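# Remarks on the overall topology
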Amino acid sequence: MRTKKLDFEVNEGGCFIVTSHRLNKDGYGHFRHQGIEHRAHRFVYQECFGEIPDGLVVRHKCDNPSCINPEHLELGTPKENMHDAIQRKRNAYGVRNGSSTIDDKMARNIKSMLKEGEPTRKIMNELSVSLKTVRLIREGKSWKHVDL
Ligand SMILES: [Zn+2]
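Residues numbered from 1 in each chain as written. Predicted model: local features only at pLDDT ≥ 70, side-chain atom pairs only at ≥ 80, totals over all residues. Heavy atoms only, no water.

### Description of the side chain of Arg-59
Rules: Secondary structure is summarised from DSSP: a helix means a run of H or I of at least four residues, a strand means a run of E of at least two, and numbering begins at the N terminus for each. Burial status follows relative accessibility: with a 1.4 Å probe on protein chains alone, a residue under 20% of its type maximum counts as buried, one over 50% as exposed, and anything between as partly exposed. Should any heavy atoms of two residues lie within 4.5 Å, those residues are considered in contact.
The residue Arg-59 is located in strand β5 (residues 57-60) in this model. Relative accessible area serves as the criterion here: at 13%, Arg-59 is assigned to the buried category. Once residues within four sequence positions are removed from consideration, Arg-59 is found in contact with His-72, Leu-73, Glu-74, Leu-75, Gly-76, Glu-80, Asn-81 and Asp-84.

### Regarding the packing of helix α3 (residues 104-115) against helix α4 (residues 120-127)
To keep things clear, this is the line we draw: Each axis is a line fitted through C-alpha atoms, and for a helix only the stretch in contact is used; angles between axes span 0 to 180 degrees, taken between their N-to-C directions. In these notes the angle categories are as follows: under 35 degrees is roughly parallel, over 145 is roughly antiparallel, 65 to 115 is roughly perpendicular, and the rest is oblique. Here a crossing is taken to be left-handed if its near helix is turned anticlockwise relative to the far helix by less than a right angle, and right-handed if that turn runs clockwise. By the convention adopted, Pro, Cys, Tyr, Trp, Phe, Met, Ile, Leu, Val and Ala count as nonpolar, Lys, Arg, Asp and Glu as charged, and the other residues, Gly among them, as polar.
It is at 10 Å that the axes of α3 and α4 come closest, and there the two elements cross at 150°. In terms of their interaxial angle, α3 and α4 are classed as roughly antiparallel. Considering the relative orientation of α3 and α4, their crossing is right-handed. Note on element contacts: α4 touches α3 through Ile-123, Glu-126 and Leu-127, opposite Met-106, Asn-109, Ile-110, Met-113 and Leu-114. Looking at side-chain class alone, the contact of α3 with α4 contains six nonpolar, one polar and one charged residues.

### Quick look at the coordination of the zinc ion
Condition: Donors, by definition, are the N, O and S atoms found within 2.8 Å of a metal, the threshold being 3.2 Å for Na, K and Ca, and water is not counted, so a site can look incomplete. In these descriptions, tetrahedral denotes four donors with every angle between 85 and 135 degrees, square planar four donors and octahedral six donors with opposite donors over 155 degrees apart and the rest between 65 and 115, and irregular any other case.
Distances from the zinc ion to its protein donors, Cys-15 (SG), Cys-62 (SG), Cys-67 (SG) and His-72 (ND1), fall at 2.0 to 2.4 Å. For the zinc ion, the four donor atoms are set out with angles of 104 to 114° between them, so the coordination reads as tetrahedral. All donors of the zinc ion belong to a single chain; written as a sequence motif, their spacing is C-x46-C-x4-C-x4-H. Separated by 52 residues along the polypeptide, Cys-15 in the loop between β1 (8-10) and β2 (16-18) and Cys-67 in the loop between β5 and β6 (73-76) bring together distant segments of the chain. By relative accessible area, which is 0% here, Cys-67 ends up buried.

### A few points about the packing of α3 against helix α5 (residues 131-138)
It is at 10 Å that the axes of α3 and α5 come closest, and there the two elements cross at 70°. Relative to α5, the element α3 lies roughly perpendicular. As α3 packs across α5, the resulting crossing turns out to be right-handed. Residues Ala-107, Ile-110, Lys-111 and Leu-114 of α3 lie in contact with α5, whose contacting residues are Thr-133, Val-134, Ile-137 and Arg-138. Split by residue class, the contact of α3 with α5 holds five nonpolar, one polar and two charged.

So, to be careful, I would describe these as geometric facts and stop short of saying anything about function.
Structure below.
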């Protein structure tokens, strides 16, 4: 049985992103080795550091499931891993920390309306967002990382 070589690209964060194999819906690289389906990061961890003890999982310190950089992998409990996943989901939707109860897409909408010179009140009505949200974006105090 031939194994397709595991290939990857290094991104700006130093992550090794699997390019040779398909990623599953969770973003994990999967590949076959000796007829067994492996999660790429688990396989790499075992190759570099040895067996994964029973009951433990391989976590990504970098929060990037498709990363196979051994330096970014560490052992954890399934509970910790679950916590990571929840954290990741929250981040993806913009943490509800008071100032950002909107997501990237909404931030982009607000920015584009501001750019077109739409009045704040109109933006608030059309997008159902608060005055505070619009103001923070207008003043460049939140969602600075979102580009139009
Ligand atoms: Zn990484």
